[in-house]
Amino acid sequence: MPRSRAELPRLTGLLVLLFLLPVFPFSSSSSSSSHPQWVLQRIPVVIPQHTEARPAPHFLSQARLDVTSTCDPECHKKAPHPSYWDLRSLLAYETLHSNGQLTETAIRIYGYNPNSNTTPAYLTGSSGKAERSHVRRKRQIFGHDGRFSIAGQDFLLKYPFSVAVKLSTGCSGTLVGDRHVLTAAHCVHDGKNYVKGAQRLRVGFLKPKQRDTQQSSFHLLSNFTNHVEGGPSPYAPPTSDIMKFQWIRAKRTHVPKGWIKGNANDIGMDYDYALLELKKPHKRRHMKLGVSPPAQGLPGRRVHFSGFDNDRPGQLVYRFCRAGEETSDLLYQHCDAQPGASGSGVYARMWDGRRRRWERKVIGVFSGHQWVERQGASQEFNVAVRITPLKYAQICYWIKGNFMDCREG
């Protein structure tokens, strides 16, 4: 739970001491030079300052499973960098409780330079310039449908597919804690108010309805996911529709004010993320958060995510694709997806030199399909919100309840 207001003076003194300590980048042995790896870095601190009650929401509109924006990648890149005070306003947040109570929390930020919107630990070898796509696309499915329907208990109930969940508002989400789910803000809030079903929000875990007789194995699952994360694989999992959901109610929902102030348009897209706290632990393995590296720092420049696309009801759908353009807060790509997949956690698998193992981490939230007018021509993108150091600090605090466990990303 958040620290009380009386503790803030002591916290301030502790924070000053923490930031006087030197931070050394982590370097490992030869494995670091042969594999793309997660870079250990010091994370800024985002902590609550004070919380006030707000008028109860109306829950009037239906959740939108698609998001549109007139601001294309160039528009986002040209936007002025937010100041320290802008960031405090954008990272302030609302909390919707299951009893209908709504609160708003102001925050403070420590250890962050607002004049830089890059990720310092990942600057080496990065030019900062993104690849540009000039290809005109026509739908959320770009050419050949490259999605895989995941089926079979040995697949659905094994990591990493087991971290994907479905929201009762129709979106997808990802387990990022023992009782926490990361999703898109537009799945619970339309930019003006909370959507129908947000107060009684439920999270669904996909499980087989009956014993699955298909031949499948965890060995094949591991080979399949490891191949596509490091290179192409000819194997596609079998499909099945004999599935059902087990539901858990959400206890509270956190939404950044950057999404609400943006009214679901333009720069507000940078803050299209929300965190749900469940009423009880889900007892499944979750995926760790990670700070989003530049696209060219990803293995094969690939991103991955699994969700519940509406055109394949009752099925978990996995996909991967090459990342394209990027801004400091958004990642543009042409991963095949349909409405319902928004809110999925976008992840990468890289080498963790400190723990000496491969590690998957959530580095973004799939916001959805967007189409914009650029130079008189229509262009389409699938867009993910990147987890920046500040967003990592905020989301981690929501999960952990203290900043000390959120200092390394």
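What counts and what doesn't
Residues numbered from 1 in each chain as written. Predicted model: local features only at pLDDT ≥ 70, side-chain atom pairs only at ≥ 80, totals over all residues. Heavy atoms only, no water. Helix = DSSP H or I, 4+ residues; strand = E, 2+ residues; numbered from the N terminus. Contact = heavy atoms within 4.5 Å. Areas by Shrake-Rupley, 256 points an atom, 1.4 Å probe, with all protein chains shown as cover. 1 Å grid on protein atoms, 1.4 Å probe; cavity = no way out; pocket = protein on both sides within 12 Å on 5 of 7 lines; lining within 4 Å. Points joined across faces, edges and corners; volume = space filled by probe spheres on them. Nonpolar A, V, L, I, M, F, W, Y, C, P; charged D, E, K, R; others polar. Phe/Tyr/Trp six-rings, centres within 6.5 Å; stacked < 30°, edge-to-face > 60°. Buried < 20%, exposed > 50% of the residue type's maximum accessible area, 1.4 Å probe, protein only. Lys NZ or Arg CZ within 6 Å of the ring centre and 35° of its normal. Disulfide = S-S within 2.5 Å. Pairing = 2+ DSSP bridges.

Caption draft 1: Region of interest: the overall build of the chain. If you tally the helices and strands in the chain, you get eight helices and 17 strands. Within the chain, contacts between residues at least 6 apart in sequence are counted, and of these 78% link residues at least 24 apart. As presented, the chain carries roughly 18,000 Å² of accessible surface, and 51% of it is formed by carbon and sulfur atoms.

Caption draft 2: Inspection of the layout of surface pockets at higher detail. Volume-wise, the second largest pocket comes out at about 570 Å³. Lining the second largest pocket are 27 residues, with Lys288, Leu289, Tyr392, Asp405 and Glu408 sitting closest to its centre. Sorting the residues of the lining of the second largest pocket by element identifies β11 (288-289) and α8 (389-400) as the ones contributing at least two each. By residue number, the principal contributor to the lining of the second largest pocket is α8, which donates four residues. When its residues are assigned to classes, the lining of the second largest pocket shows 11 nonpolar, five polar and 11 charged.

Caption draft 3: Main features of the packing of aromatic side chains. Here the structure, examined in full by the defined rule, presents 12 aromatic pairs. Both rings, one in phenylalanine 305 and one in phenylalanine 366, keep their centres 4.6 Å apart while their planes meet at 25°; by these two values the pair is stacked. Taken together, the residues phenylalanine 305 in strand β12 (residues 302-307) and phenylalanine 366 in strand β16 (residues 357-374) connect sequence positions 61 residues apart. You'll find phenylalanine 305 and phenylalanine 366 in the same group, each marked buried. Over the face of the ring belonging to tryptophan 247 we find arginine 202, whose NZ or CZ atom lies 4.5 Å from the ring centre.

Caption draft 4: Inspection of the state of the cysteines at higher detail. Counting across every chain of the model gives three disulfides. In this model cysteine 171 forms its disulfide with cysteine 187; the gap between the sulfur atoms is 2.2 Å. Looking down the S-S bond of the cysteine 171 and cysteine 187 bridge, the torsion is -95°, so its handedness is left-handed. One end of the pair, cysteine 171, is in the loop between β5 (164-167) and β6 (172-175); the other, cysteine 187, is in the loop between β7 (180-183) and β8 (202-208), and 16 residues separate them in sequence.

Caption draft 5: How the structure looks around the pairing of β6. The side-chain alternation of β6 yields two buried faces, one formed by Ser172 and Thr174 and the other by Gly173 and Leu175. Of the pairings in the sheet, the one linking β5 to β6 comprises three bridges and is antiparallel in character. Along β6, the bridge assignment pairs alanine 164 with threonine 174. Hairpin remark: β5 followed by β6, antiparallel, with four residues in the connecting loop; positive phi at glycine 170, about 110°. Both β6 and β7 contribute to a ladder of two bridges, which runs antiparallel. Opposite leucine 175, over in β7, you have valine 181 as the bridge partner.

Caption draft 6: Spatial organisation of the environment of glycine 297. If you trace the backbone, glycine 297 turns up in the loop between β11 and β12. Each C-alpha atom of the pair glycine 297 and methionine 350 lies 9.8 Å from the other, and the pair is 53 residues apart in sequence.

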